[in-house]
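Structural features, examined
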Amino acid sequence: MRIALYTLGCKVNQYESQAMEALLLARGHHLVPFTDQADVYLINSCTVTATSDKKSRQAVRQARKRAPEALVALCGCYPQVSPEAAKELEADLIGGSGDRRAFLDLIEQVAAQREKTVALDNPFHRAGFEPLPAGGLEGRTRGMLKVEDGCTNFCAYCIIPYARGAVRSLAPEGAVAQAKTLEAAGYQEIVVTGIELSGYGRDLPGRPGLADLVEAVCRAVPGLRVRLGSLEPRTVTEDFCRRLAALPNLCPHFHLSLQSGCDATLARMKRRYDTARYRQSVDLLRAFFHRPALTTDLIVGFPGETEEEFQQTLAFLQDCRFTRMHIFPYSRRKGTPAATMPHQVPNGEKADRAHRAAEVASAMERSWLTSWVGQTVPVLFEEEKGGFWRGYTPQYVEVFVQGAGLHNQIRTVTITAAGDTHVFGQLTQEENP
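1. Some thoughts on the overall build of the protein
- Looking only at helices and strands, the protein features 13 helices and 18 strands.
- Computed over C-alpha atoms, the radius of gyration of the protein comes to 22 Å, within 12% of the 22 Å expected from 2.2 N^0.38 for 433 residues, which places it in the range of a compact globule.
- When its C-alpha atoms are laid out on the principal axes, the protein stretches across 65 × 60 × 50 Å.
- Out of the 433 residues in the protein, the part that is buried amounts to 54%.
- When contacts within the protein are restricted to residue pairs at least 6 apart in sequence, those whose partners lie at least 24 apart make up 74%.
- Here the protein displays about 18,500 Å² of accessible surface, and carbon together with sulfur accounts for 51% of that area.
- In the protein, 50 side chains carry a positive charge and 49 a negative one; their mean positions are 2 Å apart.

2. Topic: the sheet that holds strand β9 (residues 189-194)
- Pairing is mixed across the open sheet formed by four strands, whose spatial order is β8-β7-β9-β10. At either margin of the open sheet sits one strand with a lone partner, and together these are β8 (168-169) and β10 (225-228).
- As paired elements, β9 and β10 share four bridges and run parallel to each other. Bridging across to β10, Ile190 finds its partner in Val226.

3. Here's the deal with the sheet that holds strand β17 (residues 410-418)
- Read around the closed barrel, the five strands follow the order β14-β15-β16-β18-β17; overall the barrel is mixed. The sheet shows a mean angle of 55° between the axes of neighbouring strands, taken without regard to direction.

4. Examining helix α1 (residues 11-26)
- The end-to-end C-alpha separation of α1 is 23 Å, in line with the 22 Å expected for 16 residues at 1.5 Å each.
- Residues of α1 that are buried: Val12, Asn13, Tyr15, Glu16, Ser17, Gln18, Ala19, Met20, Glu21, Leu23 and Leu24.
- Phi turns positive, to about 95°, at Gly28, one or two residues after α1.

5. Some points on unusual backbone geometry
- Look at Lys270: it is not a glycine, yet its phi comes out positive at around 65°.
- Phi at Tyr396 is positive, roughly 65°, even though this residue is not glycine.
- Among the secondary structure elements, Tyr396 is positioned in the loop between β15 (388-392) and β16 (398-401).
- Of the residues examined, Tyr396 reaches a relative accessible area of 27% and is grouped as partly exposed.

6. Here we look at the layout of surface pockets
- By volume, the second largest pocket amounts to about 300 Å³.
- Along the wall of the second largest pocket there are 23 residues; nearest its centre are Pro248, Leu250, Pro252, Pro394 and Gln395.
- Elements supplying a minimum of two residues to the lining of the second largest pocket: α9 (238-245) and β14 (376-385).
- Ranked by residues supplied to the lining of the second largest pocket, first place goes to β14 with three residues.
- Here the lining of the second largest pocket is composed, by residue class, of 15 nonpolar, six polar and two charged.

7. Thoughts on the packing of α1 against helix α5 (residues 100-113)
- Where α1 meets α5, the closest approach of the two axes is 10 Å, and the angle between their N-to-C directions is 50°. The orientation of α1 relative to α5 falls into the category oblique. Where α1 crosses over α5, the two elements pack in a sense that is right-handed. When α1 is examined against α5, the residues Asn13, Glu16, Met20, Leu23 and Leu24 are found in contact with a partner set consisting of Arg100, Arg101 and Leu104.
- Classifying every residue of the contact of α1 with α5 by side-chain character gives four nonpolar, one polar and three charged.

8. Re the pattern of salt bridges
- This structure, assessed with the given rule, holds 35 salt bridges.
- Between Arg279 and Asp283 there is a salt bridge whose closest N-O contact spans 2.8 Å. Taken together, the residues Arg279 and Asp283, both in helix α11 (residues 275-288) and four residues apart, mark about one turn of the helix.
- For Arg279, a relative accessible area of 22% translates into the label partly exposed.
- You can call Asp283 partly exposed: its relative accessible area is 39%.
- Note that Glu365 is salt-bridged to Arg324, the shortest N-O span being 2.6 Å. Residue Glu365 is located in helix α13 (residues 347-370), and its partner Arg324 is located in strand β13 (residues 324-329); the two are separated by 41 residues in the primary sequence.
- Given the relative accessible area of 10%, Glu365 is considered buried.
- Where salt bridges share partners, they join Arg142, Glu189, Arg225, Arg227, Glu382, Glu383, Arg390 and Glu398 into one cluster.

9. Regarding the packing of helix α8 (residues 210-220) against α9
- α9 packs onto α8 with a crossing angle of 0° between their chain directions and a minimal axis gap of 10 Å. Classified by the angle their axes make, α8 and α9 are roughly parallel. Contact residues: α8 offers Leu210, Ala211, Asp212, Val214 and Glu215, while α9 offers Phe240, Arg243 and Leu244.
- Here the contact of α8 with α9 is composed, by residue class, of five nonpolar, no polar and three charged.

Rules used in this analysis
Residues numbered from 1 in each chain as written. Predicted model: local features only at pLDDT ≥ 70, side-chain atom pairs only at ≥ 80, totals over all residues. Heavy atoms only, no water. Helix = DSSP H or I, 4+ residues; strand = E, 2+ residues; numbered from the N terminus. Rg over C-alpha atoms; globule rule 2.2 N^0.38 Å. Buried < 20%, exposed > 50% of the residue type's maximum accessible area, 1.4 Å probe, protein only. Contact = heavy atoms within 4.5 Å. Areas by Shrake-Rupley, 256 points an atom, 1.4 Å probe, with all protein chains shown as cover. Lys, Arg positive; Asp, Glu negative; His and termini not counted. Charge placed at Lys NZ, Arg CZ, Asp CG, Glu CD. Pairing = 2+ DSSP bridges. Axes fitted to C-alpha atoms, helices over the stretch in contact; angles between N-to-C directions. Expected span 1.5 Å × (residues − 1). 1 Å grid on protein atoms, 1.4 Å probe; cavity = no way out; pocket = protein on both sides within 12 Å on 5 of 7 lines; lining within 4 Å. Points joined across faces, edges and corners; volume = space filled by probe spheres on them. Nonpolar A, V, L, I, M, F, W, Y, C, P; charged D, E, K, R; others polar. Parallel < 35°, antiparallel > 145°, perpendicular 65-115°, else oblique. Left-handed = near helix turned anticlockwise from the far one by under 90°. Salt bridge = Lys/Arg side-chain N within 4 Å of Asp/Glu carboxyl O.

Spatial relationships are all this shows, so hold off on functional conclusions.
Shown next as structure tokens:
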């Protein structure tokens with residue numbers, strides 16, 4: 001069958017879609033773009049915000065309109081959390097956020113029998129980590145390595161624990177095996193990811209920690225870059241930094257989720273740290289790593305956030321000197337404690353705060369990028385875009401150069417100019433062998 005796959009959401013979803021691609025190809029199916037005619041349209045959905053839900057529904061409707069006779073299969077976090085709403089859509093098959101192999105079995109069955117099917121489980125009853133094949137379509141430079149699923153933090157604004165269940169981890173030896181598979185497939189970089197990566201190992205015998213896992217993966221594939229997904233600030237300790245700083249192929253790029261720079265707001269969010277502990281993590285990373293990139297997420301306009309609290313956040317952002325930020329106006333999410341909290345912030349005020357926070361973030365990013373001008377850095381090139389080749393440094397600085405045939409190559413570049421979101425450079429003169 002011709003199968004078109006559309007993915008929304010996080011890196012874990014991207015990993016799971018890549019795994020489904022590999023499984024579908026192994027079963028003899030053909031993958032086509034989502035905009036083409038297909039026999040099956042598979043939507044791997046997201047539910048982190050109301051906007052994510054809307055995009056998931058739109059994808060189902062677009063597929064049905066494009067090919068009325070095709071099978072439309074919806075899986076992922078959206079139907080897991082909102083099964084009744086998902087059933088109202090014109091999907092032939094509805095699954096959840098787990099057991100991807102079984103879902104592919106159902107696609108083949110429903111395609112043959114043409115009987116609408118709903119297959120949802122309770123995510124809190126899942127036993128163990130679901131192993132999936134690493135890698136996906138040919139031509140990619142960066143492979144996702146999912147090592148953890150589930151979350152038990154239950155932050156006041158977040159629906160994801162209800163979509164993914166408790167923490168379940170891939171054993172270190174399994175992660176090493178997948179890393180070697182990605183290396184053999186030609187990937188130059190691995191992104192270690194999970195729903196709540198900092199919770200890694202708490203369910204495994206001996207309770208190996210994230211640092212144990214990262215050491216094992218980096219040492220198993222010393223020729224590959226290894227990049228970490230989002231971290232909970234409390235994970236970053238002196239021991240964590242000392243051990244990871246000794247790994248030469250670990251990318252010095254750390255995404256520390258912040259959400260607010262005000263202690264009162266963090267408490268209402270039910271985050272498990274305060275600004276002092278967060279700042280300790282920032283200082284440790286800068287002490288142990290050379291010019292690390294520190295990126296973060298921010299939610300503005302959380303219920304009860306006053307202008308004074310927002311000003312505290314702005315000051316904290318500038319104090320931390322982030323290299324890049326993702327800024328979100330608070331999205332009221334049905335089913336979470338925050339949705340029924342008093343003192344909801346008006347949408348206009350949330351938009352204004354998001355704009356002001358973005359101005360601070362942009363100034364910090366420009367300063368960070370300008371600091372790279374004149375530096376010589378290794379860049380992993382991914383694709384040609386607008387007459388330039390685009391790639392990334394270990395610090396995830398986006399670099400554009402003129403060249404030819406650079407796909408999936410790591411080349412040395414001298415940075416010559418900085419823009420607002422990326423830099424430009426020139427390939428250095430290669431030494432004669």
